[in-house]
Structures are given as C-alpha cells and as structure tokens.
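Listed below, chain by chain, are the residues.
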Amino acid sequence: MAEPVTLEARGSDFARLARKINDAGLLDRRPVYYAVRLSLVLAAYAGCWALFWWVGDSWLQVLVAVPLAVIFAQIGFLAHDLGHRQVFRTRRPSDVVGLLIGNLGIGLGWGWWNTKHNRHHANPNHEDHDPDVSPAVIVWSTDQARRSSGLPRFVARWQAFLFFPLLTLEAWHLHVASFKALADPTTKRRPVEGALLVTHFALYLGAVLAVLPWDKALVFLVVHQGLFGVYLGATFAPNHKGMPVLTKDDKLDFLRKQVLTSRNVRGGLFTDVLLGQLNYQIEHHLFPNMPAPNLRRAQPIVQRYCEEIGVSYLQTGLIDSYGQALRHLHEVGAVLRA
C-alpha cells in the first residue's frame, strides 16, 4: 500500500519521476523517427492532391476528401509535436517547419495555436485559465451551465447529442480563429503568418475550383473540412473531457494537476497512429517535450509511480473514453433541463 503523501513531500514527487524518465533516456530526441514520419505524411499529402487532380470533375471526389482530411489531421499532429519542441531542440527550426506545415499546409495559424495550447498545458481543465474549457458553445461544468446565456445555454441542454455534429464545424472555427489572431498586435510574425495563411487558401480553393464546378466544389469542401474537424475533435476529446474541471479553489501540485485532469486511451500501434500518440495524454502532459514515440515506453513507468504515491491514474478504451466524455456533458446540461 502506498504511504500517505504529506504536503511537504508533494513538491518533490514530480522531481523523482522526472529523474526516472530522464535516466531511461526517454527525453532524448528521435531525429530519424521524425524524418521518416514527416516524409511519409508529406508524401501522402502530395499523393492525395495528385489523386484529386487525376479524378477530375467527378462526384468521386467526395471519396478523395476522406483521406485528405486524415492527412490534414496527421499534419496537425506533427505541428503539435513541433510546438512542444519534441522534434528540434531549438525554437527556430521548430517555428520554420511549423509555419510551413501549419499555416501553409493546412491553414491553421501556428503562432495563435501554440499560444492557446501552451495555456491549456499550464492549467488543464481549469475553468478560468484553460481556453479549451471556456464556454464558447459547449459548457464543461454545472457552474458554466448556470451562468450561460444565448447559444451556449441553448446548446447545453442536449450538448452530449450535439457534440459530434458540432465537430463538423471545428476546422472552420480554427481557420477563422487563425485569421482573427492576426488582428492582435501581440501576435508574433503577423506578416509571415498572414501571408502563409492567405497563400494556403488561395492555393487550396484555387485547386478545388480549377478542377470542380461550384456544386461539386462546395460538397467537396464541406466533406473535407467537416471530416477534418471531426477527426481533430475526436482525437482531443478523450484526453480531458469528462475529467475533473478545476476552479480557483483547487490547489494541486504540478504532477497531480496534470495526471488527475488527463485520461489515457489504451491500444496498440493502430490507436497510436490514429490518435497521433496523444492517447498517452498523461505522459504527454507531464513531459510535453518528450518525443511522441517515447510516450509508450514512459507509460508503465508513470503508471507504476502514480500507484506508488497514491495518485489516481485513468486509462481506458477509446469507445469508453467517448462514453465518459458524453456522459459528463449530459450531466452538466441536466441543470438546464430541469
């Protein structure tokens, strides 16, 4: 049985775990892995556009939109790893590649997204500080539901049923937010970010309209961007949705704040590839600069350590993770259905 952890000992819990992880060499960079992964993803990206051009003016382009949406999300996963300095040790190459594959490749603002995501990592699932649980449309706690008004209040009543349909709009939301961030004077590299975003959409829309008439083009865009948004949302939803939502009254040390608000999704190689290895969310939040392929090896070390110090560690299957998230959303909305 784990010994009780005193408040004095808590501060050193993460330090002890970090030594174990460092001694195992799990923070070492994996340049060959990332070179291969980036090459494969970019080859698939080029291949999908070549297929799009070859299929031409046909309703079969709806089928081409599916793998292209998958590749867009896989590029997003790579951009995520670059943002955490998992690929390169220094900022400059991370920023250069991130801007190219993020802004130019898939139309997502690199600078805006990194700033937002870093705020999430600093305070995961915190009502006041995590932008991922701000009540923009979905509400994440009973208090948010009670305080909601307008669209969020309307949606919150049945948000568990609306969650996945709403994800079809997620990619469009990210595109719009990327452009809106350019109006913020604190955004770094605004001219470069803006130029790359405009270039992406000029090439993207230009290619679609050059091959397809307006009706087929519209359907292609709706399917491609809708599936892109669903894939991204379905990847991130299992990580924190349905886990404890923190408030200013919660006083947790770094290790407990990261572990108790995160959920792992178990699975093999297919799950790892499908979810961009973000299924090891607990390990990723504890060590965000750990290269993605090392997360699997870190998982049993972290789980055993959490058991030793008496910290709850949640790991479940993919379908069950969605069930937990949706049940939480439904429970949160109950106060508005009464």
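Preceding this section is the structure that the text describes.
A short tour of the structure in this document, coming up. If you're wondering where the values come from, they're calculated on a predicted model, not measured in any experiment. (Residues numbered from 1 in each chain as written. Predicted model: local features only at pLDDT ≥ 70, side-chain atom pairs only at ≥ 80, totals over all residues. Heavy atoms only, no water.)

## Regarding the overall build of the chain
In step 1: Looking only at helices and strands, the chain features 16 helices and two strands.
In step 2: The C-alpha atoms of the chain give a radius of gyration of 21 Å, which matches the 20 Å a tight globule of 338 residues would have.
In step 3: Classification of the 338 residues of the chain by burial places 50% in the buried group.
In step 4: Put simply, the chain shows about 16100 Å² of open surface, and 65% of that area lies on carbon and sulfur atoms.
In step 5: Charge-centre separation for the chain: the mean point of 34 positive side chains lies 3 Å from the mean point of 26 negative side chains. (Helix = DSSP H or I, 4+ residues; strand = E, 2+ residues; numbered from the N terminus. Rg over C-alpha atoms; globule rule 2.2 N^0.38 Å. Buried < 20%, exposed > 50% of the residue type's maximum accessible area, 1.4 Å probe, protein only. Areas by Shrake-Rupley, 256 points an atom, 1.4 Å probe, with all protein chains shown as cover. Lys, Arg positive; Asp, Glu negative; His and termini not counted. Charge placed at Lys NZ, Arg CZ, Asp CG, Glu CD.)

## A word on the nonpolar core
In step 1: Formed by 45 residues in total, the largest nonpolar core has its most connected members in Trp49, Phe52, Phe72, Val208, Phe220 and Phe228.
In step 2: Here this core gets twelve residues from one element, more than from any other, and that element is helix α3 (residues 61–83).
In step 3: Here tryptophan 49 is in contact with Leu68, Phe72, Tyr204, Ala207 and Val208, once residues within four sequence places are set aside.
In step 4: By size, the runner-up hydrophobic cluster in this structure holds 19 residues, among which are Leu17, Leu255, Val259 and Phe287. (Core = buried A, V, L, I, M, F, W, Y, C linked by side-chain atoms within 4.5 Å. Contact = heavy atoms within 4.5 Å.)

## Quick notes on unusual backbone geometry
In step 1: For arginine 85, which is not glycine, the phi dihedral falls at a positive 60 degrees.
In step 2: Position of arginine 85 relative to the elements: it lies in the loop between α3 and α4 (91–106).
In step 3: Residues other than glycine seldom take positive phi values, yet arginine 189 does so here, at roughly 55 degrees.
In step 4: For arginine 189, the location among the structural elements is in the loop between α9 (170–180) and α10 (190–211).

## Quick look at the pattern of salt bridges
In step 1: By the definition in use, this model includes twelve salt bridges.
In step 2: Note that aspartate 13 is salt-bridged to arginine 16, the shortest N-O span being 2.5 Å. You can see aspartate 13 and its partner arginine 16 sitting in helix α1 (residues 7–23), three residues apart, about one turn around the helix.
In step 3: Classification of arginine 16 as partly exposed rests on a relative accessible area of 32%.
In step 4: Two residues, aspartate 272 and arginine 296, come together in a salt bridge whose shortest N-O distance is 3.0 Å. Here arginine 296 lies in helix α15 (residues 295–309) and aspartate 272 lies in helix α13 (residues 269–274), a separation of 24 residues in the sequence.
In step 5: Relative accessible area serves as the criterion here: at 6%, aspartate 272 is assigned to the buried category. (Salt bridge = Lys/Arg side-chain N within 4 Å of Asp/Glu carboxyl O.)

Remember, this is a structural readout, not a statement about activity or role.
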